[in-house]
Amino acid sequence: MSRDENRPRGAGAESPLSAAILAGRWIRSAAVDDERGRWWQANPDTRGRSAVTAEPWSLYSGAAGIVLFFLELATATGHEAYLDDARAGARRLAATWREQHDLSLYHGLTGVMIALMEAGWALGDESFEVEARAIADAIVARGRAADGGIGWSPDPAQRGDGGIVLGLLRAAAHLGVPAYEETAVEAGLRIARLPVPGHRFGDCADLPVDAVTPGFLAGTAGTAFLLARLYGLTGEPLFLRAARSGADFVREVSTVAGGCAVVPHHVPQARTLHYLGFCSGSAGAARMFYELHQVAGDPGDRDWVERLARGIVRAGVPHRNSEGFWNTACQCCGTAGLIELFVGLWAATGRESHLDFARVLAGHLTGRASGHDGRGYRWYQAYRRLRPEEVSADTGYMVGAAGIGAALLHLDAAGQADRPRRVILLPDNPFPVIPLPTSSPLSR
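Residues numbered from 1 in each chain as written. Predicted model: local features only at pLDDT ≥ 70, side-chain atom pairs only at ≥ 80, totals over all residues. Heavy atoms only, no water.

The name given to the chain in an unreviewed UniProt entry is Lanthionine synthetase LanC family protein, with the source organism recorded as Nonomuraea indica.

This is how it looks when you write it as structure tokens:
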């Protein structure tokens, strides 16, 4: 799993917080400062290259996600030096966002906007929130008439317009601008009118041209999540009907056995390829069913949240690898994303079994960390399932150490309910803010 062959057995048994601190140390070693602020190399390790295309600003793999991690690390440790890291990164995001053209949540300006809003609040720096508002205004201005509504791209899924809508909803609440919500709702109405929301054909790398993806970032589950969120906000029946259509499709194509469920990566060609992670598998689909249950109260959706969680446990993770859970540690498709799910389920239900499993996942994750050169922790992984020989370690949020560190910080917070602290959950995370488990109907 790890390329650190000389690491002594048991060296990763420290607490989630100490592992997150060591992840922060390694990310710091990748810092690059210039006159406009700070960014971080995607992979400063000379033994490999980054797993992803360079996006030095993005939430997925660049500065926006790393800023969020350092904000949380400062809260968890009380060390203001981490706020300096976040401030330097936010300063560069504020200075350079006008040079970016992608508008999406994970790879573009919507994610930058989220990072600047959080930085402005945590650092007490109004200038960052001013820039976040300017980004939101630019996103609204770039919306164009499409199919009787507003849109920004041909893609309704979370990686496209769906993520932008979620970001505008967060901006409306955070910045107090109703116009952002109005634009989001109008864009959502266009998506809701699509047949079985989230279906697109032939636009994903390495997939057949007629493949349909039921997953979260690029498929039906994520779009149904968005529509459920909009129904909860507006009460508009069209949103609930469309969300239900998407959820029914996910149910129809999933494999169910013994009270467990798993989701195919794509159909019709790969019904037996079951990803378990956030991007295209069970962890993401569970978010959708949880959101639906929250806004509509259907016990069948509550049941599916638990079916998907049991399917992950039944698969034998983290100790057993499979086609759908391979050598990955990250938030997107690996162990960190599963920690987020089970910590979220604990926050929603108060069930200790969920938190216990999150701790099992975290123990395995810290056990496979590499720190051979004393510069801190990183996680070597084969990010692309179809290219197992490409093993690398990244600094970013969805693909690397920042997101792994954030998941460990959320687990640490969950274990200290007597000392509550603020954590940062992204707009597509529907679970209650940690560490205050609720008496949610999901637990009944």
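Read on for the rest.
Novice: Account for the sheet that holds strand β6 (residues 260-266), with residues named and values stated.
Specialist: Paired through backbone hydrogen bonds, the strands of a sheet run either parallel or antiparallel to each other. A sheet is described by the order of its strands in space; here 3 strands give the open sequence β5-β6-β7, paired in antiparallel fashion. Of all strands in the sheet, those bounded by a partner on one side alone are β5 (255-257) and β7 (270-275). In this sheet, adjacent strand axes meet at a mean angle of 45 degrees when their direction is disregarded. Along the sheet, helix α11 (residues 299-314) contacts β5 and β6; its crossing angle with β6, the most-contacted strand, is approximately 80 degrees. (Pairing = 2+ DSSP bridges. Helix = DSSP H or I, 4+ residues; strand = E, 2+ residues; numbered from the N terminus. Axes fitted to C-alpha atoms, helices over the stretch in contact; angles between N-to-C directions. Contact = heavy atoms within 4.5 Å.)

Novice: Which residues make up the packing of aromatic side chains, and what values do they have?
Specialist: Evaluated as defined, the whole model comprises 12 aromatic pairs. Seen from their ring centres, Phe216 and Phe225 are 5.5 Å apart, and the 65 degrees between their planes marks the pair as edge-to-face. Judged on exposure class, the residue Phe216 and its partner Phe225 are both buried. Through successive ring pairs, a cluster of aromatic residues spans Tyr60, Tyr106, Phe216, Phe225 and Phe278. Note that Arg422 overlies the ring of Trp121, its terminal NZ or CZ placed 4.2 Å from the centroid. (Phe/Tyr/Trp six-rings, centres within 6.5 Å; stacked < 30°, edge-to-face > 60°. Buried < 20%, exposed > 50% of the residue type's maximum accessible area, 1.4 Å probe, protein only. Lys NZ or Arg CZ within 6 Å of the ring centre and 35° of its normal.)

Novice: Before we move on, can you summarise unusual backbone geometry with the specific residues and values?
Specialist: The linkage connecting Val267 with the following residue, Pro268, adopts the cis geometry, with an omega of 5 degrees. Summarising the element assignment, Pro268 is placed in the loop between β6 and β7. The amide bond that connects Val317 to the next residue, Pro318, takes the cis arrangement and shows omega of 5 degrees. With respect to the element layout, Pro318 can be found in the loop between α11 and α12 (335-349).

Novice: Run through the environment of Thr77, naming residues and quoting values.
Specialist: In this structure, Thr77 sits in helix α2 (residues 63-77). Distance from Thr77 to His364, taken between C-alpha atoms, is 23 Å for residues 287 residues apart in sequence.

Novice: Can you tell me about the confidence of the model for the chain, naming the residues and giving the values?
Specialist: Looking at the chain as a whole, its pLDDT mean stands at 91, while 92% of the residues score no less than 70. Here residues 1-13 is modelled with pLDDT under 50, and outside its nearest four sequence neighbours on either side it reaches 25 contacts, counting other chains as well. (pLDDT = per-residue confidence, 0-100.)

Novice: Kindly report on empty space enclosed by the protein, identifying the contributing residues and their values.
Specialist: Considering all chains together, one arrives at 2 cavities of 30 Å³ or more under this definition. Its boundaries defined by the atoms lining it, the largest cavity holds a volume of some 100 Å³. The wall of the largest cavity is formed by 13 residues, among which Arg287, Gln331, Glu340, Leu426 and Asn429 lie closest to the centre. When grouped by side-chain class, the residues that make up the lining of the largest cavity number 7 nonpolar, 3 polar and 3 charged. (1 Å grid on protein atoms, 1.4 Å probe; cavity = no way out; pocket = protein on both sides within 12 Å on 5 of 7 lines; lining within 4 Å. Points joined across faces, edges and corners; volume = space filled by probe spheres on them. Nonpolar A, V, L, I, M, F, W, Y, C, P; charged D, E, K, R; others polar.)

Novice: Go over the pattern of salt bridges, please, and point to the residues and values.
Specialist: Per the stated rule, a full pass over the model turns up 24 salt bridges. With a closest N to O distance of 2.9 Å, Arg351 and Glu306 form a salt bridge. In this pair, Arg351 is assigned in the loop between α12 and α13 (352-367) and Glu306 in helix α11, connecting sequence segments 45 residues apart. With relative accessibility at 8%, the residue Glu306 sits in the buried group. Taken together, the shared-partner salt bridges in this structure form one network comprising Arg244, Asp248, Arg251, Asp298 and Asp301. (Salt bridge = Lys/Arg side-chain N within 4 Å of Asp/Glu carboxyl O.)

Novice: Talk me through the pairing of strand β1 (residues 31-34); I want residue IDs and the actual numbers.
Specialist: Across 4 bridges, the pairing between β1 and strand β2 (residues 37-40) is antiparallel. Its bridge partner being in β2, Ala31 is matched across the sheet by Trp40. In this structure, the hairpin formed by β1 and β2 is closed by a connection of 2 residues.

Novice: Explain the side chain of Asp428 residue by residue, including any values.
Specialist: Tracing the sequence through the fold places Asp428 in the segment after α14 (401-414). On the accessibility criterion, Asp428 (0% relative accessible area) is buried. Of the polar contacts made by the side chain of Asp428, one reaches the side chain of Tyr106; its length is 2.6 Å. Setting aside residues up to four positions removed in sequence, Asp428 forms contacts with Leu105, Tyr106, Gln158, Leu166, Phe216, Phe225, Phe278 and Arg287. (Polar contact = N/O pair within 3.5 Å; in protein donor to acceptor, adjacent residues only side chain to side chain.)

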